[in-house]
Amino acid sequence: MSRPRVHVKELPGLEKADHGVVMRFAPNPSGPLHLGHARAAVLNDAYVKRYGGKYILRIEDTDPKRVDPEAYGMVIRDIEWLGITVHEVVYQSDRFDRYYRYGKELIERGGAYVCTCENEQFRQLKQKKTACPCRSLSVEENLSLFDKMLAGEFYEGEASVRVRTDLDHPDPAMRDFPAFRILHQPLHPRIDAVVYPLMNFTVAVDDHLLGVTHVIRGKDHIANTRRQRYIFDYFGWDVPVYRHYGRMGIEGVVLSTSQMRQGIASGEYEGWDDIRLGTLRALARRGISPEAVRQAVLDIGIGETDISFSWDNLYAQNRMIVDPVANRYFFVPHPVGAEIRDAPHHVARALLHPNEPERGTRVLPFTGTVLLPRQELEKHPSLIRLKDLFNVKVSYDEQGYLFTYAGDQLSEAREAKAPIIQWLPADCALPCVLRTPEGDVEGVCETGVMREAGSVLQFERVGFARIDDTSGDRITAYFTHR
RNA sequence: GCUGCUAUAGUGUAGUCCGGCCAAUCAUUUCGGCCUUUCACGCCGAAGACUGGGGUUCGAAUCCCCAUAGCAGCACCA
């Protein structure tokens with residue numbers, strides 16, 4: 001009896017978490033979620049579940065250039081697929097008034113100023129640790145400039161709000177970073193605005209306003225954490241506890257949203273769930289369960305080391321989940337017809353699951369001719385056993401193969417070390433294409449597979465597969481893993 | 001270039017803060033064997049790592065220094 005044994009690996013504890021935590025996952029709605037997002041989404045969820053508290057899904061849609069209206073729904077759906085418990089959903093585009101209000105207050109506190117320098121000019125001054133002329137404007141002047149921005153009196157690029165940090169900061173990335181910008185194009189799908197708050201500003205304001213206690217995100221945000229710290233300090237807010245995990249490389253799969261979008265547009269990919277992509281929906285289509293993704297990601301943890309994601313480890317997790325539930329069927333790749341001479345008619349009964357006989361059997365009537373995997377014959381065996389049927393002697397003459405019935409005894413096949421292979425009756429085999437990232441494999445499968453639409457099964461001696469479509473004139477299956 | 005972070009087997013991970021119980025954990029992987037009418041699952045066994053060099057110490061994977069490598073940031077993106 002096989003049962004999924006789950007290795008619960010304890011994540012490292014979080015400081016200041018004993019009275020519960022408030023955490024958030026903050027994706028940008030530019031496309032569906034992928035493996036990289038899953039890490040952040042799941043890790044935060046795991047801590048909220050461990051310590052108790054609140055999980056906020058914050059949609060960070062403050063850059064209209066990177067908003068795909070359809071992605072709002074995709075993100076929600078993908079999060080649900082992952083089985084994450086979301087307690088609150090926040091759209092930043094609903095909160096622009098708040099950002100303006102706090103922007104104004106930051107200016108009043110002397111923590112920000114309106115800069116009307118040309119972009120390139122500012123960049124050069126910044127490199128030289130020199131203040132730009134705007135930096136010395138009075139609070140009143142800045143407030144009035146900010147009002148002008150909001151009133152639409154500036155064109156794109158003509159004005160921005162910068163946070164006053166430290167021009168001598170050894171890291172140029174820290175020096176007077178921007179908090180608001182002006183944008184006329186493209187239009188935001190959800191709101192009408194020309195002054196757009198920037199990520200570091202909205203994140204700081206929202207993390208505080210929403211009561212976020214702990215932030216877990218990639219180390220590409222380390223600099224942002226330091227920048228946001230300035231804003232927290234100006235307002236006198238307590239900062240959350242931060243953890244930055246290392247970069248995760250994923251082999252052999254496209255992760256960049258823009259690349260995926262381009263590939264879909266050009267017809268190279270079938271869609272967001274094309275199995276060559278690293279999206280969660282692509283994994284789902286292939287038959288990877290959300291629990292496996294969750295386990296794999298938890299296993300990786302929050303280490304600061306850069307790692308490379310291992311498909312092997314994911315597959316192992318998935319196999320553990322899927323093996324006990326997947327029904328077994330025969331799939332014969334590249335079928336070759338074989339008439340078995342001198343064989344009695346017989347009805348074979350094969351177990352749906354070898355470890356669970358009570359699930360029942362598949363019925364395979366043998367009436368003389370079977371389909372066999374070409375690859376198996378190319379090994380030139382002298383004796384084979386058709387699984388759950390009988391033994392067959394294989395000989396060769398100038399015409400080709402000759403198949404002769406060679407008795408029912410399993411023990412004889414064992415003794416002869418004959419391979420036990422899958423087969424199908426020639427007159428009840430359905431065309432089936434097994435799609436893999438490396439290409440399609442044509443073959444035939446049992447008629448019983450029709451019942452398995454949408455579920456993951458195991459093609460014996462081939463591997464696990466998810467039955468994607470049974471409606472056409474042939475069945476489409478996606479290879480999951482061995 | 002500047003700033004910062006990291007460095008344990010093929011992969012992921014524990015141990016590192018508070019040096020000895022570490023001839024280094026667990027999982028995966030690979031290879032044997034058992035079980036089995038699947039090359040699945042299960043069981044047994046084996047293989048495989050502390051980046052390098054100095055130093056402190058009776059003792060270092062753990063502390064210090066240097067080197068090397070990788071990564072991140074240096075956007076009016078998130």
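See the structure printed just above.
This text gives an overview of the structure that appears in the document. (Residues numbered from 1 in each chain as written. Chains lettered and ligands numbered in written order. Predicted model: local features only at pLDDT ≥ 70, side-chain atom pairs only at ≥ 80, totals over all residues. Heavy atoms only, no water.)

For the rest of this paragraph, the subject is helix H7 (residues 222-235). With 14 residues, H7 extends 21 Å between its outermost C-alpha atoms, agreeing within 8% with the 20 Å of an ideal straight helix rising 1.5 Å per residue. What H7 keeps buried is the set Ala223, Asn224, Thr225, Arg227, Gln228, Ile231, Phe232 and Phe235. Contacts made by the buried residues of H7 are with helix H3 (96-108), strand S5 (160-163), helix H6 (199-209), strand S8 (214-218) and strand S9 (241-245). At the exit of H7 stands glycine 236, carrying a positive phi of roughly 75°. (Helix = DSSP H or I, 4+ residues; strand = E, 2+ residues; numbered from the N terminus. Expected span 1.5 Å × (residues − 1). Buried < 20%, exposed > 50% of the residue type's maximum accessible area, 1.4 Å probe, protein only. Contact = heavy atoms within 4.5 Å.)

This next bit is on the side chain of histidine 244. Inspection of the secondary structure assignment puts histidine 244 in strand S9. Among the residues examined, histidine 244 registers a relative accessible area of 13% and is labelled buried. A distance of 2.7 Å separates a polar atom in the side chain of histidine 244 from a polar atom in the side chain of threonine 225. (Polar contact = N/O pair within 3.5 Å; in protein donor to acceptor, adjacent residues only side chain to side chain.)

Inspection of the entire model under this criterion finds 36 salt bridges. Among the ionic pairs, arginine 362 bridges to glutamate 446, the shortest N-O distance being 2.8 Å. Residue arginine 362 is found in strand S16 (residues 361-366), and its partner glutamate 446 is found in the loop between strand S24 (439-445) and strand S25 (456-459); the two are separated by 84 residues along the sequence. The exposure class of glutamate 446 is buried, given its relative accessible area of 3%. Taking the shortest distance from any N to any O, the salt bridge between glutamate 378 and arginine 374 comes out at 3.3 Å. Shared partners join several salt bridges into a network, and the residues in it are Glu270, Asp273, Arg285, Arg435, Asp440, Arg466 and Asp468. (Salt bridge = Lys/Arg side-chain N within 4 Å of Asp/Glu carboxyl O.)

What follows is about the sheet that holds strand S1 (residues 21-25). Within the open sheet, the three strands sit side by side as S1-S2-S3. Their pairing is parallel. The open sheet terminates on both sides in strands that have one partner only, identified here as S1 and strand S3 (88-91). The mean inter-strand angle of the sheet, taken between neighbouring strand axes irrespective of direction, is 25°. The pairing of S1 with strand S2 (residues 53-59) spans five bridges and is parallel. Note that in S2 the partner of methionine 23 across the bridge is tyrosine 55. Where helix H1 (residues 35-51) meets the sheet, it contacts S1 and S2, and its direction lies at approximately 165° from that of S1. Contacting S1, S2 and S3, helix H2 (residues 71-81) runs over the sheet at an angle of about 150° to S2. (Pairing = 2+ DSSP bridges. Axes fitted to C-alpha atoms, helices over the stretch in contact; angles between N-to-C directions.)

As a further point, take the pairing of strand S23 (residues 430-436). As paired strands, S23 and S24 are joined by seven bridges and run antiparallel to one another. Of the residues in S24, the one forming a bridge with cysteine 432 is glycine 443. Adjacent in sequence and paired antiparallel, S23 and S24 are bridged by two residues. Sheet analysis places S23 next to strand S27 (residues 475-481), joined by four bridges and oriented parallel. Bridge pairing in S27 links arginine 435 to tyrosine 478.

Packed helices, taken two at a time, are described by the angle their axes make and the gap between the axes. It is the contact of H3 with H6, at a shortest axis distance of 11 Å, that shows an interaxial angle of 100°. In terms of their interaxial angle, H3 and H6 are classed as roughly perpendicular. Of the residues in H6, those in contact with Arg98, Tyr99, Tyr102, Gly103 and Leu106 of H3 are Phe201, Thr202, Val205, Asp206 and Leu209. Here the residues of the contact of H3 with H6 are counted per class, giving six nonpolar, two polar and two charged. (Parallel < 35°, antiparallel > 145°, perpendicular 65-115°, else oblique. Nonpolar A, V, L, I, M, F, W, Y, C, P; charged D, E, K, R; others polar.)

Moving on to unusual backbone geometry. With an omega dihedral of -15°, the bond running from glutamine 185 to proline 186 counts as a cis peptide bond. Unlike most non-glycine residues, aspartate 176 shows phi in positive territory, near 40°. The residue aspartate 176 is located in the loop between S5 and strand S6 (178-182) in this model. For aspartate 176, a relative accessible area of 0% puts it in the buried group. Positive phi values are uncommon outside glycine, yet histidine 380 reaches one of about 50°.

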